[in-house]
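# Structural description and commentary
Spelled out from the first residue to the last, the chains are:
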Amino acid sequence: MIKAALFDLDGVVVDSESQYTKFWGSQFRLYYPQEKRLEQRIKGMTLVEIFSNYFNGQVETQQAITDRLNEFERKMSYDYISGFQDFIKRVKEASIATAIVTSSNQQKMTNVFRCHPELNDYFDAVLTSEDFDKSKPDPDGYLKAAQRLHCQSSECIGFEDSINGVKALNAAKMFVVGLATTNQPDALEPWCNLIVDDFTHLDLNVLLAEQGK
């Protein structure tokens, strides 16, 4: 029986992955012009991990990137993924607990909630990078979300779009729904129980029946 639904943010709740890809592509072209597609490798990483892996010890560069990122996020559009609002409302009507589990920080969430104050009604908990020690693909964030909602992993269903994200849910031993908003379905398939394009035609009752098999 499903008691909790856990959602990544970017590429799952809001359609922002392409915007971040553009931002990080510009930064890596500036600092790593000889390397290609680094912006694809960082999906699911926290900002701290990006800095540790690619800008370790470069205090001034980290600050410059942080300033650009903060300004970028203030101007971003946070449009919902297709069908999300109708789907999350059905989830709430079914008395299923909900949480966001994102590698983004609290400052980013302030921007999102400013654009979408109704998210306060949609989610019972929001876990950001400040709330867990290891980011995706480690399951730490999702396991902490289950604890926060007083659920076992087997009672949770998770929604992710990134490879690191579906790996994290899989490692947490949760039912994994992959959204092909960022990656192709065949790239997500090894770690997912179900793959959908978005929430438009996702029937909650059918999904719960599928999980119960």
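From a predicted model like this one, the values you see are computed outputs, not experimental measurements.

Procedures and definitions
- Residues numbered from 1 in each chain as written.
- Predicted model: local features only at pLDDT ≥ 70, side-chain atom pairs only at ≥ 80, totals over all residues.
- Heavy atoms only, no water.
- Buried < 20%, exposed > 50% of the residue type's maximum accessible area, 1.4 Å probe, protein only.
- Helix = DSSP H or I, 4+ residues; strand = E, 2+ residues; numbered from the N terminus.
- Arc of directions from axis to C-beta.
- Phe/Tyr/Trp six-rings, centres within 6.5 Å; stacked < 30°, edge-to-face > 60°.
- Pairing = 2+ DSSP bridges.
- Axes fitted to C-alpha atoms, helices over the stretch in contact; angles between N-to-C directions.
- Contact = heavy atoms within 4.5 Å.

### Remarks on helix H5 (residues 84-93)
Restricting attention to buried positions, one finds in H5 the residues Phe84, Phe87, Ile88 and Val91. All buried residues of H5 lie within an arc of 95° about the axis, which places them on one face of the element. Of the residues one or two after H5, Ser95 is the one with positive phi, at around 60°.

### So, the packing of aromatic side chains
For the structure shown, the criterion picks out 22 aromatic pairs. Taking 5.8 Å as the distance between ring centres and 65° as the angle between the ring planes, the aromatic pair formed by Phe84 and Phe199 counts as edge-to-face. With Phe84 in helix H5 and Phe199 in the loop between strand S6 (194-196) and helix H11 (204-211), the pair connects residues that are 115 residues apart, well separated along the chain. Overall, Phe84 belongs to the buried group, its relative accessible area being 0%. The buried category is assigned to Phe199, whose relative accessible area is 1%. Taken together, the aromatic side chains of Tyr20, Phe23, Trp24, Phe28, Tyr31, Tyr32, Phe51, Tyr54, Phe55 and Phe72 make up a single cluster linked through ring pairs.

### What to know about the sheet that holds strand S4 (residues 156-160)
Pairing within the open sheet is parallel, and its six strands lie in the order S3-S2-S1-S4-S5-S6. If you trace the sheet from one side to the other, it starts and ends with strand S3 (125-127) and S6, each paired once. Ignoring strand direction, the axes of neighbouring strands in this sheet form an average angle of 20°. One ladder, built from three bridges, connects strand S2 (residues 97-101) with S3; its direction is parallel. Of the residues in S3, the one forming a bridge with Val101 is Leu127. Along the sheet, H5 contacts strand S1 (4-7), S2 and S4; its crossing angle with S1, the most-contacted strand, is approximately 155°. Sitting on the sheet, helix H8 (residues 140-148) touches S1, S2, S3 and S4, and the angle it makes with S3 is about 155°.

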